[in-house]
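Chain by chain, the residues run as shown.
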Amino acid sequence: MTAPYVKTTTENQIQTIEFFHPAHNSLPGDILAQLAQAITDAGNDESTKVIILKSGGERTFCAGASFKELIAVNDAKTGEIFFSGFANVINAMRKCPKFILGRVQGKTVGGGVGVASATDYCFATKFASIKLSELNIGIGPFVVGPAVERKLGLTGMSQIAINANEFYSPQWAKDNGLFAEVYESTEEMDAGIKAFAENLCTYNPDAMTEMKKMFWSGCENWDQLLFERAKISGRLVLSEFTKETLKRFK
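Per an unreviewed UniProt entry, the recorded name for the protein chain is Enoyl-CoA hydratase/isomerase family protein, and the organism is Nonlabens mediterrranea. A UniProt comment under Sequence similarities (unreviewed entry) is attached to the protein chain, and it reads "Belongs to the enoyl-CoA hydratase/isomerase family."

In structure tokens form, the structure reads like this:
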């Protein structure tokens, strides 16, 4: 079995950050920390003009939080620290001065929807259904909510957050603003991303940085907001309801 990893590769001023976990690309704390650092480093790399964020494997982009780590949370501080991992990744993406292109090859759940939402331009395949499943286990999409709401609007975000059992189609995600392009196959998507990223590299990097600041204006309070939200999730994950629900995943 392939071990979890975060790796970066650079080609023609395009830096690709890839994460992987054998449990459907779920994100434990150490992978979240590596991911946040890789995004920050790519943003600071003067030779990089565009960033592509992707996951390994064929059919799942990201299963969200690691259930193994969630089950192990026994106090509020540990819970807060765990959920802060997603806050750190989203804030790293927000503050990164380069455009981040998302590559969503398959289903994405919970925190994975938040990661996809924090990209600046997101590509997907027809297999890339999305689900905000947090309510199912007794918590809610508190940390990723602001990123998802920024893309889907409050109506779209609340719809998928309340209807926590339902996978929403890639077309729904495109119609509601999360995905910019939806392709029939991974190969077609990869060709589309490559051409798009190469074209972005011909643009003025200073103009792209200023545009990114403009697109994310109004989110400056997220350094505080997302960590306040992490405390809510950290508290709820200790509730009797959630502890009982999580036993089913052991």
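After presenting the structure, the write-up continues.
Trainee: I'd like a rundown of the overall build of the protein chain, residues and numbers included.
Mentor: Across its full length, the protein chain carries 10 helices and 11 strands. For 250 residues, the compact-globule estimate of 2.2 N^0.38 gives 18 Å, and the C-alpha radius of gyration of the protein chain, at 17 Å, lies within 12% of that figure. Summarising its shape, the C-alpha atoms of the protein chain cover approximately 55 × 40 × 35 Å along the three principal directions. For the protein chain, the proportion of its 250 residues judged to be buried stands at 52%. When contacts within the protein chain are restricted to residue pairs at least 6 apart in sequence, those whose partners lie at least 24 apart make up 75%. Carbon together with sulfur atoms contributes 53% to the accessible area of the protein chain, which is approximately 11,400 Å² in total.

Trainee: I'd like to hear about helix α3 (residues 76–95), residue by residue, with values.
Mentor: The terminal C-alpha atoms of α3 lie 28 Å apart, and with 20 residues this matches the ideal 28 Å at 1.5 Å per residue to within 8%. A bend of about 25° at Ser84 is the largest found in α3. Burial runs high along α3: 14 of the 20 residues are buried. For α3, the N-terminal capping position is held by Asp75, with its side-chain oxygen 3.2 Å away from the main-chain nitrogen of Lys77.

Trainee: Could you give an account of the side chain of Ser233, with specific residues and numbers?
Mentor: Mapped onto the secondary structure, Ser233 falls in helix α9 (residues 222–236). Setting aside residues up to four positions removed in sequence, Ser233 forms contacts with Phe83, Ile139, Gly140 and Phe142.

Trainee: I'd like a description of the pairing of strand β7 (residues 99–104), backed by residues and values.
Mentor: In terms of burial, β7 is a largely internal element, six of the six residues being buried. On β7, burial covers both faces: Phe99, Leu101 and Arg103 on one face and Ile100, Gly102 and Val104 on the other are all buried. Where strand β4 (residues 50–55) meets β7, four bridges bridge the pair, whose relative direction is parallel. Following the sheet pairing, Ile52 is matched in β7 by Leu101. Bridge count between β7 and strand β9 (residues 121–125): four bridges; the pairing is parallel. Residue pairing for β9: Arg103 is matched across the bridge by Phe123.

Trainee: Go over the nonpolar core with me, naming the residues and quoting the values.
Mentor: Ile17, Phe19, Ile39, Ile130 and Phe179 are the most contacted members of the largest nonpolar core, which totals 60 residues. Take this core: its biggest share by element is eight residues, from α3. Contact partners of Phe19, with chain neighbours within four places excluded, come to Tyr5, Val6, Asn25, Leu27, Ile31, Leu35, Leu53, Lys54, Ser55, Gly56, Phe61 and Cys62. If you look at the next biggest cluster of nonpolar residues, it comprises 13 residues, including Phe99, Phe123, Tyr183 and Ile193.

Trainee: Just give me the short version of the layout of surface pockets, but keep the residues and values in it.
Mentor: Of the pockets and cavities examined, the largest pocket occupies roughly 680 Å³. Going through the elements one at a time, β6 (64–65), α2 (67–72), α3 and β8 (107–109) are the ones with two or more residues in the lining of the largest pocket. Considering each element in turn, the lining of the largest pocket owes the most residues, four residues, to α2. Here the second largest pocket is characterised by a volume of approximately 280 Å³. Secondary structure elements with two or more residues in the lining of the second largest pocket: β1 (5–11), β2 (14–20), β4 and α7 (186–200). Ranked by the residues each element gives to the lining of the second largest pocket, the list is headed by α7, at four residues. Of the residues in the lining of the second largest pocket, the class split is three nonpolar, four polar and six charged.

Trainee: Explain the state of the cysteines to me, and be specific about the residues and the numbers.
Mentor: Under the defined criterion, the tally for this structure stands at zero disulfides. For the unlinked cysteine Cys62, the closest cysteine sulfur is that of Cys122, found at 12 Å. Sulfur of Cys219: no disulfide; nearest cysteine sulfur belongs to Cys96 and is 15 Å away. Classification of Cys219 by relative accessible area gives buried; the value is 7%.

Trainee: Quick rundown of the side chain of Thr186? Include the residues and the values.
Mentor: Topologically, Thr186 is positioned in helix α7. Note on Thr186: relative accessible area 14%, which makes it buried. Not counting residues up to four positions away in its chain, the partners in contact with Thr186 are Arg103, Gln105 and Thr125.

Rules and cut-offs
- Residues numbered from 1 in each chain as written.
- Predicted model: local features only at pLDDT ≥ 70, side-chain atom pairs only at ≥ 80, totals over all residues.
- Heavy atoms only, no water.
- UniProt positions renumbered as here; feature names shortened; annotations may be inferred.
- Helix = DSSP H or I, 4+ residues; strand = E, 2+ residues; numbered from the N terminus.
- Rg over C-alpha atoms; globule rule 2.2 N^0.38 Å.
- Buried < 20%, exposed > 50% of the residue type's maximum accessible area, 1.4 Å probe, protein only.
- Contact = heavy atoms within 4.5 Å.
- Areas by Shrake-Rupley, 256 points an atom, 1.4 Å probe, with all protein chains shown as cover.
- Expected span 1.5 Å × (residues − 1).
- Bend = angle between axes of the 7 residues up to and from the residue.
- Polar contact = N/O pair within 3.5 Å; in protein donor to acceptor, adjacent residues only side chain to side chain.
- Pairing = 2+ DSSP bridges.
- Core = buried A, V, L, I, M, F, W, Y, C linked by side-chain atoms within 4.5 Å.
- 1 Å grid on protein atoms, 1.4 Å probe; cavity = no way out; pocket = protein on both sides within 12 Å on 5 of 7 lines; lining within 4 Å.
- Points joined across faces, edges and corners; volume = space filled by probe spheres on them.
- Nonpolar A, V, L, I, M, F, W, Y, C, P; charged D, E, K, R; others polar.
- Disulfide = S-S within 2.5 Å.

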